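What follows is each chain in one-letter form.
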2 protein chains.
Amino acid sequence: MSPRSSFAHARQTREAIVEAGLRIASVEGLEGLTIGRLAADLGLSKSGVLGHFGSKETLQLEVVDAAAELFGREVVGRAERAPEGLRRLRALVESWVSYVERGVLPGGCFFTAAASEFDDRSGPVRNAVAGLAWVWERDLRRQVDLAVAAGELPAGTDSDQVVFELSGHLLALNYALRLHRDPAAPARARTAIARLLE
Amino acid sequence: MSPRSSFAHARQTREAIVEAGLRIASVEGLEGLTIGRLAADLGLSKSGVLGHFGSKETLQLEVVDAAAELFGREVVGRAERAPEGLRRLRALVESWVSYVERGVLPGGCFFTAAASEFDDRSGPVRNAVAGLAWVWERDLRRQVDLAVAAGELPAGTDSDQVVFELSGHLLALNYALRLHRDPAAPARARTAIARLLE
DNA sequence: CCTACCGATCGGTAGG
DNA sequence: CCTACCGATCGGTAGG
């Protein structure tokens, strides 16, 4: 084997740090994610971890980006084959339900947890989390509007209201699953979603 | 003025600590609530704070109790005049909407935040939060069942499903209000609730 | 990537 | 309730 270039090796280490950080942060929160814990888990020194990012905040922002990438792959990507409009909308929310049901991350939906943790703060981490949440909601609203235009949902449907209620069903699912460990929660969420979108 | 007994004074200090702790914890979380911050805010020494509780976990549990008392007063208590069944159910959820709309605590609903923070942990704090959430949901379910028995809601209504969807609307409200600072959120929640309970 | 630090802060204790 | 501590850990830096 030829030796890896130090550039490639550093990038690989950096990705491993962010990946481990995402898993930790989904359980402990983005603030509970500490450099020391990350270093111990990966067998690195603290400065070996921090050197890749410069500051904890930069690390947190990279973890948020990694969460967005995972979300794009595991939720949005899985719905892309469905035609736009009502079927795409149903596929998107079903992908989300399946995403938390399968337990892709050990702490459930990263964005739900991060939103709750950072909603009362200010700064770049809060802005990144809120912005990505906003993009997800805009994508849902767009599919609602397309469904209305195609006659798949009643004319005059308030798409903001539909997105609000869909978000509620998803939040209720994450809540019931994680706080009450209620195995019936995914079925309840699917029932609620089906009734809203019938 | 006769001097207060040291017992009464100590109790008063203890209550002031818990009250300040509740306000801090609603913003910073129960783990972000530190003895040092509390001591500085109240002009006490760290050991002056900790001496009342013995450990941080005991303090956290007392803050959870204080949150439950506040919730009982500001949410459940406000709905008590309504007759049981559908009207009580509507009054309970409207009290909750009003509770976060009025901004009773600076960080929104304490239990929503604490549930998200502790859902992946174990121990007495998690148990207290989950238990109180369960009591709230049981109270809602009871009113749904009474409403069905009185013919105010359709026979065969799945009360667990109704409580799941109501919880979702309340979670969506807290989320939209705190992460997006969306002033339209209370109206959206009221619309969703009214439609569910019509 | 490492060792070896820094000042600050954490929860908690001893003794009064 | 206080002062005066404790060991552990925090994010971060210097220098290699």
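Scroll up to find the structure.
Nothing here was measured: the structure is a model prediction, and the numbers come from that model.

Let's talk about the overall build of chain A
Then, in step 1: Across its full length, chain A holds nine helices and zero strands.
Then, in step 2: Ordering the α and β elements of chain A from the N terminus gives α-α-α-α-α-α-α-α-α.
Then, in step 3: Each principal axis of the C-alpha distribution contributes one length, and for chain A these read about 60 × 40 × 35 Å.
Then, in step 4: Going through the 198 residues of chain A one by one, you find that 48% of them count as buried.
Then, in step 5: A separation of at least 24 residues holds for 65% of the contacts in chain A among residues at least 6 apart in sequence.
Then, in step 6: Accessible surface for chain A amounts to roughly 9200 Å². Of this, 53% is attributable to carbon and sulfur atoms.
Then, in step 7: Within chain A, the 26 negative side-chain charges are centred at a point lying 5 Å from the centre of the 24 positive side-chain charges.

Some thoughts on the interface of chain B and chain A
Then, in step 1: With 39 residues of chain B in contact, the opposing surface of chain A contributes 39 residues.
Then, in step 2: Regarding the contact of chain B and chain A, the summed buried area is about 3300 Å², with carbon and sulfur atoms giving 54% of it.
Then, in step 3: Summed over the shared surface of chain B and chain A, the number is eight salt bridges.
Then, in step 4: Between Arg188(B) and Asp160(A) there is a salt bridge; the shortest N-O distance is 3.9 Å.
Then, in step 5: If you look at where chain B meets chain A, you find 18 residue pairs in polar contact (both at pLDDT 80 or more).
Then, in step 6: Of all elements in the fold, only helix H1 (6-28), helix H6 (110-118), helix H7 (124-149), helix H8 (159-178) and helix H9 (185-196) of chain B reach the threshold of two or more residues within the side of chain B that touches chain A.

With respect to the packing of helix H8 (residues 159-178) of chain A against H8(B)
If you want to describe how two helices pack, look at the angle between their axes and the distance between the axes.
Then, in step 1: Between H8(A) and H8(B), the shortest axis-to-axis distance is 7 Å and the interhelical angle comes to 105°. By the angle class used here, H8(A) and H8(B) are roughly perpendicular. Across from Phe164(A), Glu165(A), Gly168(A), His169(A), Leu171(A), Ala172(A), Leu173(A), Tyr175(A) and Ala176(A) in H8(A), the residues of H8(B) making contact are Phe164(B), Glu165(B), Gly168(B), His169(B), Leu171(B), Ala172(B), Leu173(B), Tyr175(B) and Ala176(B).
Then, in step 2: Classifying every residue of the contact of H8(A) with H8(B) by side-chain character gives twelve nonpolar, four polar and two charged.

Observations regarding the packing of helix H4 (residues 56-76) of chain B against H6(B)
Residue and element names in this part refer to chain B.
Then, in step 1: Interaxial distance between H4 and H6 falls to 10 Å at its minimum, and their mutual angle equals 145°. Of the residues in H6, those in contact with Gln60, Val63, Val64, Ala67, Ala68 and Phe71 of H4 are Phe110, Phe111 and Phe118.
Then, in step 2: Residue composition of the contact of H4 with H6, by class: eight nonpolar, one polar and no charged.

Remarks on the nonpolar core
Then, in step 1: Among the nonpolar cores identified, the biggest contains 130 residues, and Phe110(A) and Phe110(B) are the most heavily contacted of them.
Then, in step 2: Contacts of Phe110(B), omitting those with residues within four sequence positions, involve Leu22(B), Ala25(B), Ser26(B), Leu30(B), Val63(B), Val64(B), Ala67(B), Tyr99(B) and Leu105(B).

Some remarks on H4(B)
Residues and elements named next belong to chain B.
Then, in step 1: For H4, built from 21 residues, the straight-helix expectation of 30 Å at 1.5 Å per residue is met to within 8% by its first-to-last C-alpha distance of 29 Å.
Then, in step 2: What H4 keeps buried is the set Leu59, Gln60, Val63, Val64, Ala66, Ala67, Leu70, Phe71, Glu74 and Val75. All buried residues of H4 lie within an arc of 165° about the axis, which places them on one face of the element.
Then, in step 3: Contacts from the buried residues of H4 go to H1, helix H2 (35-42), helix H5 (86-101), H6 and H7.

Let's talk about the packing of aromatic side chains
Residue and element names in this part refer to chain A.
Then, in step 1: Per the stated rule, a full pass over the model turns up eight aromatic pairs over all chains.
Then, in step 2: With a centroid separation of 6.0 Å and an interplanar angle of 80°, the aromatic rings of Phe71 and Phe111 are classed as edge-to-face. Of this pair, Phe71 sits in helix H4 (residues 56-76) while Phe111 is found in helix H6 (residues 110-118), placing the two residues 40 residues apart along the sequence.
Then, in step 3: On the basis of relative accessible area, Phe71 is assigned to the buried category, the value being 10%.
Then, in step 4: Of the residues examined, Phe111 reaches a relative accessible area of 13% and is grouped as buried.
Then, in step 5: Seen in terms of ring centroids, Phe110 and Phe111 are 5.3 Å apart; in terms of plane orientation they differ by 85°. Their pairing is edge-to-face.
Then, in step 6: According to the relative accessible area criterion, Phe110 is buried, its value standing at 2%.
Then, in step 7: A cation sits over an aromatic face here: Arg121 above Phe118, 4.7 Å from the ring centre.

So, how was this worked out
Residues numbered from 1 in each chain as written. Chains lettered and ligands numbered in written order. Predicted model: local features only at pLDDT ≥ 70, side-chain atom pairs only at ≥ 80, totals over all residues. Heavy atoms only, no water. Helix = DSSP H or I, 4+ residues; strand = E, 2+ residues; numbered from the N terminus. Buried < 20%, exposed > 50% of the residue type's maximum accessible area, 1.4 Å probe, protein only. Contact = heavy atoms within 4.5 Å. Areas by Shrake-Rupley, 256 points an atom, 1.4 Å probe, with all protein chains shown as cover. Lys, Arg positive; Asp, Glu negative; His and termini not counted. Charge placed at Lys NZ, Arg CZ, Asp CG, Glu CD. Buried area = accessible area lost by both parts, 1.4 Å probe. Salt bridge = Lys/Arg side-chain N within 4 Å of Asp/Glu carboxyl O. Polar contact = N/O pair within 3.5 Å; in protein donor to acceptor, adjacent residues only side chain to side chain. Axes fitted to C-alpha atoms, helices over the stretch in contact; angles between N-to-C directions. Parallel < 35°, antiparallel > 145°, perpendicular 65-115°, else oblique. Nonpolar A, V, L, I, M, F, W, Y, C, P; charged D, E, K, R; others polar. Core = buried A, V, L, I, M, F, W, Y, C linked by side-chain atoms within 4.5 Å. Expected span 1.5 Å × (residues − 1). Arc of directions from axis to C-beta. Phe/Tyr/Trp six-rings, centres within 6.5 Å; stacked < 30°, edge-to-face > 60°. Lys NZ or Arg CZ within 6 Å of the ring centre and 35° of its normal.

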